[in-house]
Structures are given as structure tokens and as C-alpha cells.
Amino acid sequence: MHMRNSKVKISLPDNSGSIEVGSGKFLVVAGPCSIDTRANFLESSRWIKAQGGHALRGAVFKMRTDPKRFQGLGRDGYPILKEIRETLNLPVFTEVVDTRHVEELHPFIDVFQVGARNMYNYELLKELGRQRKPVLLKRAFSATLDEWAGAAEYVLSGGNDNIILCERGTRGFDTHTRNVLDLSSVILMKRRTGLPVLVDPSHGTGRSDLVLPMSLAAAAAGADGLLVEVHADPSKALSDQDQAINLEQFGVLTKKLNQVLSALEKNL
Ligand code: PEP
Ligand code: MN
């Protein structure tokens, strides 16, 4: 089923304009896995903007495999999201893990991120279908393309067609990478749904040294953008340390991406 010939608009925080995803411009969404301190988030966000990044990511609610690990700042993170989003006028993507948070998140964020663990949470998807803000729908670890498309239909059937898909890798048998980044899904899902598809090379590999090459590969494969984990000091990150790139590496990434994109007659 082809949902729509999609370009998804993300409004800028000050409503002065919007970013269009899926229109040929390559979207770079970057930031920490989870927001830890205001200072770290501000530092990385400023740098991301200066390097040409279009939007920020940063979770305040984390779904950790181990319940003893950092679960995110929770509601204490809302003022940080608000301040940095408004100061830099960059749209913010953040994960929503519970239907009870949907309403209250509205003033602080621009895109609702549905994580891999919640791709099958149909009540959450239905609730997001009733919203008008865009939804970034990540592929579950073991989701088939049919299941992933079905999840997108749940959002769509509620009336929200502002859906962006995100390939983040599926489980493999080898332990050298965290997941196996499936770039063919980008092409197949774009063809099948018409929706824009981003690639997350951070969760897709679990290794900071693979983020650059897989980002370039994603651009070359026709992805509409990247969701990438960047931290001011990855060794101090409270989640996903091994896959976060530092600020300097993000600078190199945007430079090289521009080279690949210009060969494809696209740009950042
Ligand atoms: C994330 O983006 O930080 C995240 C938790 O990713 P995923 O839901 O793909 O595991
Ligand atoms: Mn993460």
C-alpha cells in the first residue's frame, strides 16, 4: 500500500518557517541519546547547528533494558528541552514512551519519536495518530517490513499523515555490531509507503567508528536523512556511550556528507 507521496513538514520552534523532509534536502537530526546535563546538551546543540544540523534529538524518557540504569531526566528535562529548542530555534525530536506523556510533551518538542521497543505499542500509535505533530517511527529490532508498515498505518489511520520512518538496524547473529543496519529497507519502504525514511547509524551499528561510513552509505542509498547520536563527551554519556560520536567527529561527518550529497545533486 502506498500511503502518500510524502513530504513531511516540521515547523521551526518560532513558527517562522519549516523544514521539509523527503523533498531532496537531506535532514540531519543529531544530539545525545539521553539529555544528561543542560551544559552538555547546550554545547552539543550549538555545535550541531553551527555545522549545518537541522534538528536536535535528545531523550528525557529512556527505555533501558536494565532497570537499574539511567532512565532519563524525565519531566525534569522539559525545561532544558524548552530552553535550548527556543534559544537555537531548532526543532527537537524526543522519544515518547507512554500515552500519558503525549499531551504534556507538546510545548517542549516538535517531533514525537517512537522507539524500536514501542513500534508494536498500538495504543501509543493510535494516540499519536490523533496528534498533528510529526511522528518519527523507528523500526523494531526484529520487525519485518510488513510489520513496520502496519505500525505506520496505525498512526495514519488516526488522521496523522506526518510520519517519518527510521531504519535503526535489526538483530543479527554477530556480536561485532549491535545491530545489522538494513539499507535496502530504506529503498523498499520509500517505494512501498511513499514516506520519508531516515537512517540511524548509531543504533544500527552500536559503534562510533562505524557511524561515519554508514552515514555516507545511507546518503548514497537514498535515505532522506540521518538520526545520529552526538555527545559533547561520549565517555561521560549516561546511555549509548560506545556509539556516540564527539563534536569533532560530527564536524567531519557533515563535511563528508556534503561531498557525497553534492555528487547526488542534494544538499544538507
Ligand atoms: C534512541 O534513539 O536513543 C533509541 C532508544 O533508539 P531505538 O529505539 O532505535 O533503540
Ligand atoms: Mn540511544
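Our structure is the block above this text.
Residues numbered from 1 in each chain as written. Chains lettered and ligands numbered in written order. Predicted model: local features only at pLDDT ≥ 70, side-chain atom pairs only at ≥ 80, totals over all residues. Heavy atoms only, no water.

Visitor: So what exactly am I meant to see when it comes to the site of ligand 1 here?
Guide: Every residue lining ligand 1 is accounted for by C33, R57, K62, E95, Q113, G115, A116, R117, K138, R168, H203 and E229. Interatomic distance of 3.1 Å between a side-chain N/O atom of R117 and an oxygen atom of ligand 1. At 2.6 Å from an oxygen atom of ligand 1 is found a side-chain nitrogen or oxygen belonging to R168. Counted by class, the shell around ligand 1 contains two nonpolar, three polar and seven charged residues. (Near = heavy atom within 4 Å. Polar contact = N/O pair within 3.5 Å; in protein donor to acceptor, adjacent residues only side chain to side chain. Nonpolar A, V, L, I, M, F, W, Y, C, P; charged D, E, K, R; others polar.)

Visitor: What exactly am I supposed to notice about the packing of aromatic side chains here?
Guide: For any two aromatic rings, the description comes down to two numbers: the centre-to-centre distance and the angle of the planes. Tallied over the full model, the rule gives three aromatic pairs. Look at F61 and Y78: their rings are 6.2 Å apart centre to centre, the planes differ by 75 degrees, and that puts the pair in the edge-to-face class. Placement of the pair is F61 in the loop between β4 (55–57) and α2 (78–88) and Y78 in helix α2, with a sequence separation of 17 residues. Judged by its relative accessible area of 6%, Y78 is buried. Centre to centre, the rings of Y122 and Y154 are 4.2 Å apart; their planes meet at 20 degrees, and the pair counts as stacked. Highlighted residues: Y122 in helix α4 (residues 122–129) and Y154 in helix α5 (residues 145–157), separated in sequence by 32 residues. Taking the relative accessible area as the measure of exposure, Y122 reaches 30% and is therefore partly exposed. Accessibility expressed as a relative area gives 31% for Y154, which makes it partly exposed. Put simply, the rings of F61, Y78 and F108 pair up and form one aromatic cluster. Sitting over the face of the ring of F141, R171 holds its NZ or CZ atom 4.7 Å from the ring centroid. (Phe/Tyr/Trp six-rings, centres within 6.5 Å; stacked < 30°, edge-to-face > 60°. Helix = DSSP H or I, 4+ residues; strand = E, 2+ residues; numbered from the N terminus. Buried < 20%, exposed > 50% of the residue type's maximum accessible area, 1.4 Å probe, protein only. Lys NZ or Arg CZ within 6 Å of the ring centre and 35° of its normal.)

Visitor: Looking at this structure, how should I read the side chain of H231?
Guide: Residue position: H231 is located in the loop between β10 (225–229) and α9 (247–263). Among the polar contacts made by the side chain of H231, one reaches the main-chain amide nitrogen of D233 at a distance of 2.8 Å. If we ignore the near neighbours within four places in the chain, the residues touching H231 are P32, D36, N40, K236, A237, A244, I245, N246 and L247. (Contact = heavy atoms within 4.5 Å.)

Visitor: Honestly, the nonpolar core in this entry has me stumped. Any pointers?
Guide: Generally speaking, nonpolar side chains in soluble globular proteins are found buried as a group. Residues F26, L137, L165 and F250 are the most contacted members of the largest nonpolar core, which totals 63 residues. Sorting elements by how many residues they give to this core places α5 first, with six residues. Residues L27, V29, V111 and C166 belong to the second largest nonpolar core, which totals 15 residues. (Core = buried A, V, L, I, M, F, W, Y, C linked by side-chain atoms within 4.5 Å.)

Visitor: Looking at this structure, how should I read the sheet that holds strand β9 (residues 197–199)?
Guide: In a beta sheet, neighbouring strands pair by backbone hydrogen bonds and run either parallel or antiparallel. Spatial ordering of the closed barrel is given by β3-β4-β5-β6-β7-β8-β9-β10, a layout of eight strands whose pairing is parallel. Sheet twist, expressed as the average angle between the axes of neighbouring strands with direction ignored, equals 25 degrees. Across three bridges, the pairing between strand β5 (residues 92–95) and strand β6 (residues 111–114) is parallel. In the sheet register, T94 faces β6, and the bridge partner there is F112. (Pairing = 2+ DSSP bridges. Axes fitted to C-alpha atoms, helices over the stretch in contact; angles between N-to-C directions.)

Visitor: Can you walk me through the packing of helix α8 (residues 208–221) against α9 in this structure?
Guide: In a packed pair of helices, the relevant descriptors are the angle between the two axes and the axis-to-axis distance. Two elements in contact, α8 and α9, have axes whose closest approach is 10 Å; the angle formed by their N-to-C orientations is 25 degrees. The angle between the axes of α8 and α9 places the two elements in the roughly parallel class. Viewed along their axes, α8 and α9 form a crossing whose handedness is right-handed. Along its contact with α8, which presents L212, S215, L216, A219 and A220, the element α9 presents V252, L253, K256, L257, V260 and L261. Here the contact of α8 with α9 is composed, by residue class, of nine nonpolar, one polar and one charged. (Parallel < 35°, antiparallel > 145°, perpendicular 65-115°, else oblique. Left-handed = near helix turned anticlockwise from the far one by under 90°.)

Visitor: Would you mind going over the pattern of salt bridges with me for this structure?
Guide: One side chain can pair with another of opposite charge once the charged atoms of both are near each other. A complete count under the given rule lists 17 salt bridges for this structure. In this structure, D182 engages R139 in a salt bridge whose closest nitrogen and oxygen atoms are separated by 2.9 Å. Of this pair, D182 sits in the loop between β8 (163–167) and α6 (184–193) while R139 sits in the loop between β7 (135–138) and α5, and the two are 43 residues apart along the sequence. D146 serves as the salt-bridge partner of R192, at 2.5 Å between the closest nitrogen and oxygen. Residue R192 is located in helix α6, and its partner D146 is located in helix α5; the two are separated by 46 residues in the primary sequence. Classification of D146 as exposed rests on a relative accessible area of 51%. Salt bridges here are not isolated pairs; linked through shared partners, they connect R139, E167 and D182. (Salt bridge = Lys/Arg side-chain N within 4 Å of Asp/Glu carboxyl O.)

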